[in-house]
There are 2 protein chains.
Amino acid sequence: MEQMIQDASPIFAGLDDRARLAILSAARPHVLKARDVLAREGEPARTFHVVQLGHLKLSRVSLDGNEIVLRFVGPGEPFGGVVAVGDATYPLTATAAEPTRTLGWSRAVLEELMSAHPRLRTNIVSQISRHLSDALTRVQEVTSDRVEQRVARALVRLAAHGGVPTPHGVDIAHPVTRDELAGLVGTTLFTVSRLLARWETDGLIASRRRRITVLSPDRLAALAESPANRS
Amino acid sequence: MEQMIQDASPIFAGLDDRARLAILSAARPHVLKARDVLAREGEPARTFHVVQLGHLKLSRVSLDGNEIVLRFVGPGEPFGGVVAVGDATYPLTATAAEPTRTLGWSRAVLEELMSAHPRLRTNIVSQISRHLSDALTRVQEVTSDRVEQRVARALVRLAAHGGVPTPHGVDIAHPVTRDELAGLVGTTLFTVSRLLARWETDGLIASRRRRITVLSPDRLAALAESPANRS
DNA sequence: CGTCTCTTTGAAACGCGTCAATGGCTGTGG
DNA sequence: CCACAGCCATTGACGCGTTTCAAAGAGACG
């Protein structure tokens, strides 16, 4: 049953069951507690991972301690595609946002698997390319949108990407602090706190400590496109 | 002689002369006037290019007309690596910053060449991966550095990457407007103009219309690391 | 039950965008 | 060859969104 999760991974697109099985059986599982670091930016990239359970937070930390969050990686999603490229080091740091399990392939094993299943290489490279495009979009948004729009958009995306539907709205699947949300859009935790407070009184979202539920994705999406007419 | 330029291209790393010749002879030249558009963001990616002469400006334009510049591509450098990945569309727009010549390979031809010379594929993918890493750095810088630092860093990079040494300093190799510089670091042409004016009186740079010479890369680099102590 | 992490809220300062108006190159056409 | 028309650059004043700093409250975990 649990295997279903990995079968849905973009990494396995276009591969038949036999290939998937061969690839999966070559993996070594990794178990992480919340806040465990799976890989550190700049470190030699040795292992390619696919998340089985839980979430990884991908981030970069600058010298002055400022952390920017790039994205969260959930079940079925890969991390460490650079291993396939032959590049030497991870471009960012991966931390478990909650208790997390991954499947890992060493560089040598992965190389062998990619030779046997060329489509696997294609899929991984394709992911890298998509993330490049995403990063470009991020640069564009950070430089041309206001903080309010960016926070709204971040929430919409977090809800859409791995959100858990509930009777009232969509729960964001993993714990997120105000601070992380700030790092995700390039602002401070104070500004995020103020925005969320306002949106909560307006009924757009509900939030508990480290948990956020999006009640009205539509109205949030509207905010993401044009700043609020301050009421 | 001119072939030397392409021989130095990262695309040809690890390929012998025979392979290079085979690849080069399959190319079709493209000639662009200043401001000609080679490829548009979102357009189906059909052709992979290597610049022979001149410079391409890679940018994205948002709906409201705001342009962000990602980088400039000079002689020997590739554009359109996504063609190798099989992705459908260009992630950004390429415009000739000045009269420019490129060599182009169609998707089909490139696919064939990459099969014959696997190292070619590796090289292209490796470039994509490097650009991803660069883009992540950009995201980080835009969200945590001040405008002054970013402009200074942009100048240092433009000078280092394809700058032309002169008796007094380093000329930036291609025409850059204040507006483009603004798009490169995510600010307005006004702020850029003010900063350049100040740096010019301080003797850090010299500038003519659309041309900038970096006189003191060191002092600029210092500004990039910590904001100026306003004098 | 205490400690640590996460969150809230206020007040003040400031960087930078925005708007407006002017001035200087450049190359194109009469 | 000169003059006009664009394009590019400069400079000032103003306002606003955000950051910064400070202080205190609330939830979670051992």
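This is a predicted model, so every value here is computed, not measured.

## What to know about the protein's contact with DNA strand D
Here's step 1: Neighbouring DNA strand D are 19 residues, the closest being A:Val147, A:Thr187, A:Thr191, B:Ser193 and B:Arg209.
Here's step 2: When the atoms of DNA strand D within 4 Å of the protein are sorted by group, sugar and phosphate make up 57%.
Here's step 3: Here a base nitrogen of DNA strand D sits 2.8 Å away from a polar atom, N or O, in the side chain of B:Arg194.
Here's step 4: At 3.3 Å from a phosphate oxygen of DNA strand D is found a main-chain nitrogen or oxygen belonging to B:Arg210.
Here's step 5: Among the elements of the structure, helix H8 (189-201) of chain A together with helix H8 (189-201) of chain B are those that each provide at least two residues to the surface near DNA strand D.
Here's step 6: No other element matches H8(B), which puts 5 residues into the surface near DNA strand D.
Here's step 7: The residue inventory of the surface near DNA strand D, partitioned by class, reads 5 nonpolar, 6 polar and 8 charged.

## Details of the side chain of A:Asn123
Residues and elements named next belong to chain A.
Here's step 1: Summarising the element assignment, asparagine 123 is placed in helix H5 (residues 118-144).
Here's step 2: Under the relative-accessibility criterion, asparagine 123 is labelled buried at 7%.
Here's step 3: Ignoring sequence-local partners within four residues, the contact set of asparagine 123 consists of Pro10, Ile11, Phe12 and Ala13.

## Some words on the relation of the copies chain B and chain A
Here's step 1: Of the transformation placing chain B onto chain A, the axial shift is 0.1 Å and the rotation is 180°, giving an RMSD of 0.1 Å. Interpreted geometrically, this transformation is the action of a two-fold axis.
Here's step 2: A symmetric contact is evident, with 100% of the interface residues of chain B recurring at the interface of chain A.

## A short note on the domain arrangement of chain A
Think of interface size as the accessible area that goes away when the parts come together; that is how it is often given.
Residue and element names in this part refer to chain A.
Here's step 1: Each assigned domain of chain A is listed here: domain 1 (3-142) and domain 2 (145-225).
Here's step 2: Inter-centroid distance (C-alpha atoms) of domain 1 to domain 2 is 25 Å.
Here's step 3: With 16 residues of domain 1 at the contact, the number on the domain 2 side is 16 residues.
Here's step 4: When domain 1 packs against domain 2, close to 1200 Å² is buried across both sides, 50% of that on carbon and sulfur atoms.
Here's step 5: Linking domain 1 with domain 2 are 3 salt bridges.
Here's step 6: A salt bridge links glutamate 141 to arginine 153; the shortest N-O distance between them is 3.7 Å.
Here's step 7: Applying the counting rule to domain 1 against domain 2 returns 6 residue pairs in polar contact (both at pLDDT 80 or more).
Here's step 8: Contributing elements (two or more residues each) for the side of domain 1 that touches domain 2: strand E5 (67-73) and H5.
Here's step 9: The element that contributes the greatest number of residues to the side of domain 1 that touches domain 2 is E5, accounting for 6 residues.

## A word on the protein's contact with DNA strand C
Here's step 1: Lining the immediate surroundings of DNA strand C are 19 residues, of which A:Ser193, A:Arg209, B:Thr187, B:Thr191 and B:Arg209 lie closest.
Here's step 2: Among the atoms of DNA strand C close to the protein, meaning within 4 Å, 56% are from sugar or phosphate groups.
Here's step 3: At 3.0 Å from a phosphate oxygen of DNA strand C is found a main-chain nitrogen or oxygen belonging to B:Val147.
Here's step 4: A distance of 3.5 Å separates a phosphate oxygen of DNA strand C from a polar atom in the side chain of B:Thr188.
Here's step 5: For the surface near DNA strand C, the elements supplying multiple residues, two or more each, are H8 of chain A together with H8 of chain B.
Here's step 6: When residues of the surface near DNA strand C are assigned to their parent elements, the largest contribution, 5 residues, is made by H8(A).
Here's step 7: Of the residues contributing to the surface near DNA strand C, the split by class is 5 nonpolar, 6 polar and 8 charged.

## Describing the packing of H5(A) against helix H6 (residues 147-160) of chain A
All names here are of chain A.
Here's step 1: It is the contact of H5 with H6, at a shortest axis distance of 10 Å, that shows an interaxial angle of 145°. Residues Thr137, Glu141 and Val142 of H5 form the contact with H6, whose participating residues are Arg150, Arg153 and Arg157.
Here's step 2: Its residues assigned to classes, the contact of H5 with H6 comprises 1 nonpolar, 1 polar and 4 charged.

## Description of the sheet that holds E5(A)
In any sheet, the strands associate via hydrogen bonds between backbone groups, in a parallel or an antiparallel arrangement.
Here's step 1: On the basis of which strands lie adjacent, the open sheet formed by 4 strands has the order E2-E7-E4-E5 (chain A) and antiparallel pairing. Each of the sheet's edge strands pairs with one partner strand only, and the pair in question is strand E2 (37-39) and E5 of chain A. Between one strand and the next, the sheet's axes are offset by a mean angle of 30°, whatever the strand orientation.
Here's step 2: Running over the sheet, helix H5 (residues 118-144) of chain B touches strand E4 (56-61) and E5 of chain A and is turned about 130° from E5(A).

## Digging into empty space enclosed by the protein
Residue and element names in this part refer to chain B.
Here's step 1: If you walk through the whole model with that rule in mind, you get 1 cavity of 30 Å³ or more.
Here's step 2: Space inside the largest cavity adds up to approximately 40 Å³.
Here's step 3: Looking at the largest cavity, the residues that line it are Ile11, Phe12, Ile23, Phe48, Val50, Trp105, Leu110 and Leu120.
Here's step 4: Among the residues making up the lining of the largest cavity, the classes are represented as 8 nonpolar, no polar and no charged.

## As for the pairing of strand E11 (residues 205-208) of chain B
Residue and element names in this part refer to chain B.
Here's step 1: Burial along E11 is one-sided: Ile205 and Ser207 are buried, and none of Ala206 and Arg208, which face the opposite way, are.
Here's step 2: Pairing geometry for E11 and strand E12 (residues 211-214), over 4 bridges, is antiparallel. When the bridges of E12 are listed, arginine 208 appears paired with arginine 211.
Here's step 3: Between E11 and E12, which follow one another and run antiparallel, lie 2 residues, and arginine 210 among them has a positive phi close to 65°.

## A closer look at helix H4 (residues 107-116) of chain A
All names here are of chain A.
Here's step 1: Along H4, the residues that are buried comprise Leu110, Leu113 and Met114. Down the axis of H4, the buried set is contained in an arc of 100°. They therefore lie on one face. In H4, the exposed residues that point more than 90 degrees away from the buried face are Ala108, Glu112, Ser115 and Ala116.
Here's step 2: Taken together, the buried residues of H4 touch helix H2 (17-25), strand E3 (47-53), helix H3 (82-85), strand E8 (100-106) and H5.

The rules we used
- Residues numbered from 1 in each chain as written.
- Chains lettered and ligands numbered in written order.
- Predicted model: local features only at pLDDT ≥ 70, side-chain atom pairs only at ≥ 80, totals over all residues.
- Heavy atoms only, no water.
- Near = heavy atom within 4 Å.
- Polar contact = N/O pair within 3.5 Å; in protein donor to acceptor, adjacent residues only side chain to side chain.
- Helix = DSSP H or I, 4+ residues; strand = E, 2+ residues; numbered from the N terminus.
- Nonpolar A, V, L, I, M, F, W, Y, C, P; charged D, E, K, R; others polar.
- Buried < 20%, exposed > 50% of the residue type's maximum accessible area, 1.4 Å probe, protein only.
- Contact = heavy atoms within 4.5 Å.
- Least-squares fit on C-alpha atoms with pLDDT ≥ 70 in both.
- Domains from an automatic or database assignment.
- Buried area = accessible area lost by both parts, 1.4 Å probe.
- Salt bridge = Lys/Arg side-chain N within 4 Å of Asp/Glu carboxyl O.
- Axes fitted to C-alpha atoms, helices over the stretch in contact; angles between N-to-C directions.
- Pairing = 2+ DSSP bridges.
- 1 Å grid on protein atoms, 1.4 Å probe; cavity = no way out; pocket = protein on both sides within 12 Å on 5 of 7 lines; lining within 4 Å.
- Points joined across faces, edges and corners; volume = space filled by probe spheres on them.
- Arc of directions from axis to C-beta.

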